[in-house]
Amino acid sequence: MTELSTAPAVLVERRGNVMIVTLNRPEARNAINEAVWLGAGEAMAEAERDVEVRAVIVTGAGDQSFCAGADLKALSRGERIAPADPEKVAWGFAGIVAHPISKPLIAAVNGTALGGGTEIALACDLVVAADTASFGLPEVKRGILAGAGGAFRLVQQLPRKIAMEMLLTGDPIDAARALDLGLINAVAPRATLLDAALELAERVAVNAPLSVQASKRIALGMVDGKVASDETAWAQTRKESGALMRSEDAREGPRAFAEKRAPVWKGR
């Protein structure tokens with residue numbers, strides 16, 4: 001077994017009062033498998049418990065991708081990407097997207113963030129992106145939908161018409177466009193991305209932690225670890241996704257992608 005295959009799927013480190021959580025599967029473009037889901041979710045839970053943690057940064061290893069979404073190769077091998085434990089499944093995709101914590105969450109997007117990668121960024125409070133980063137929800141090109149919060153969060157965080165264009169075309173935008181639209185807070189050269197994210201985190205961490213956490217909970221409407229306003233959207237997402245995944249088109253999209261051909265949609 002190679003050294004790469006035995007590396008932790010998620011790295012967790014501290015820089016003062018800031019926790020840095022790194023999705024550590026660069027060979028798979030940091031795609032989410034069960035190990036990443038558990039590692040990132042457990043890091044979020046630890047950050048919430050630890051009074052010394054005042055902000056959390058989520059980033060990806062390598063220079064190419066922040067997160068490529070679900071590990072489709074693992075799924076094709078019959079492997080699960082969500083844990084068996086129902087409480088940890090409830091954390092949502094990557095252990096993050098339905099796992100709100102009071103500590104401010106900052107995404108340091110080091111490369112492409114498509115599908116689940118964009119959905120992780122949408123679940124964060126602040127985003128700093130490398131100048132090479134891109135964002136998008138291409139699921140409609142594959143006969144599926146953005147089921148990890150993207151279908152409702154994108155419309156919450158962008159002007160409605162722009163969000164609808166991204167959702168319905170599946171086309172991505174680059175970091176400069178994302179900054180202009182207010183989807184992200186700052187753009188930095190890839191080499192200094194983590195420094196820029198840490199600087200932003202430290203601007204948060206210098207403030208009174210209980211004040212920061214209470215302010216976040218109020219802003220999100222978060223009570224007892226849940227955002228009440230999201231619950232209806234999550235329920236609809238599960239219902240629509242369940243129905244869609246039984247369709248012929250949902251099978252055709254991934255098949256066409258694997259076969260490197262244009263899909264033939266049937267609308268059924």
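Structure's up top.
These numbers come from a predicted model, not from an experiment.

K.L.:
Let's hear about the overall build of the chain: which residues, and what values?
P.N.:
The helix and strand inventory of the chain stands at 11 helices and 12 strands. Relative to a compact globule of 268 residues, whose C-alpha radius of gyration would be 18 Å, the chain shows 18 Å and is just as compact. If one aligns the C-alpha atoms of the chain with their principal axes, the spans along those axes are about 55 × 45 × 40 Å. Looking at the 268 residues of the chain, the share that counts as buried comes to 46%.

K.L.:
Tell me about helix α8 (residues 193-205), and name the residues and values.
P.N.:
Spanning 13 residues, α8 covers 18 Å between terminal C-alpha atoms, matching the ideal 18 Å at 1.5 Å per step. Every buried residue of α8 is accounted for by Leu193, Ala197, Leu198, Leu200, Ala201, Val204 and Ala205. Buried residues of α8 fall within an arc of 165° about the axis and therefore sit on the same side. Opposite its buried face, α8 presents the exposed residues Asp195, Glu199 and Arg203, each directed more than 90 degrees away.

K.L.:
I'd love a proper account of the environment of glutamate 42, names of residues and values included.
P.N.:
Along the polypeptide, glutamate 42 turns up in helix α1 (residues 34-49). The exposure class of glutamate 42 is partly exposed, given its relative accessible area of 38%. Sequence separation between glutamate 42 and isoleucine 96 is 54 residues, and the spatial gap between their C-alpha atoms is 9.5 Å. Those residues in contact with glutamate 42, other than ones at most four positions away along the chain, are Lys88 and Trp91. Separated by 3.4 Å, the side chains of glutamate 42 and lysine 88 make a polar contact.

K.L.:
Which residues make up the sheet that holds strand β1 (residues 10-15), and what values do they have?
P.N.:
Spatially, β1-β2-β3-β5-β7-β10 is the arrangement adopted by the 6 strands of the open sheet, whose pairing is mixed. Of all the strands in the sheet, the pair left with one neighbour each is β1 and β10 (186-188). Taking each pair of neighbouring strands and ignoring which way they run, the sheet shows an average axis angle of 20°. Pairing between strand β7 (residues 126-130) and β10: 3 bridges, direction parallel. Bridge pairing in β10 links alanine 129 to valine 187. Packed on one face of the sheet, α1 meets β1, β2 (18-23), β3 (55-60) and β5 (105-109) and runs near 175° to β2.

Rules behind the numbers
- Residues numbered from 1 in each chain as written.
- Predicted model: local features only at pLDDT ≥ 70, side-chain atom pairs only at ≥ 80, totals over all residues.
- Heavy atoms only, no water.
- Helix = DSSP H or I, 4+ residues; strand = E, 2+ residues; numbered from the N terminus.
- Rg over C-alpha atoms; globule rule 2.2 N^0.38 Å.
- Buried < 20%, exposed > 50% of the residue type's maximum accessible area, 1.4 Å probe, protein only.
- Expected span 1.5 Å × (residues − 1).
- Arc of directions from axis to C-beta.
- Contact = heavy atoms within 4.5 Å.
- Polar contact = N/O pair within 3.5 Å; in protein donor to acceptor, adjacent residues only side chain to side chain.
- Pairing = 2+ DSSP bridges.
- Axes fitted to C-alpha atoms, helices over the stretch in contact; angles between N-to-C directions.

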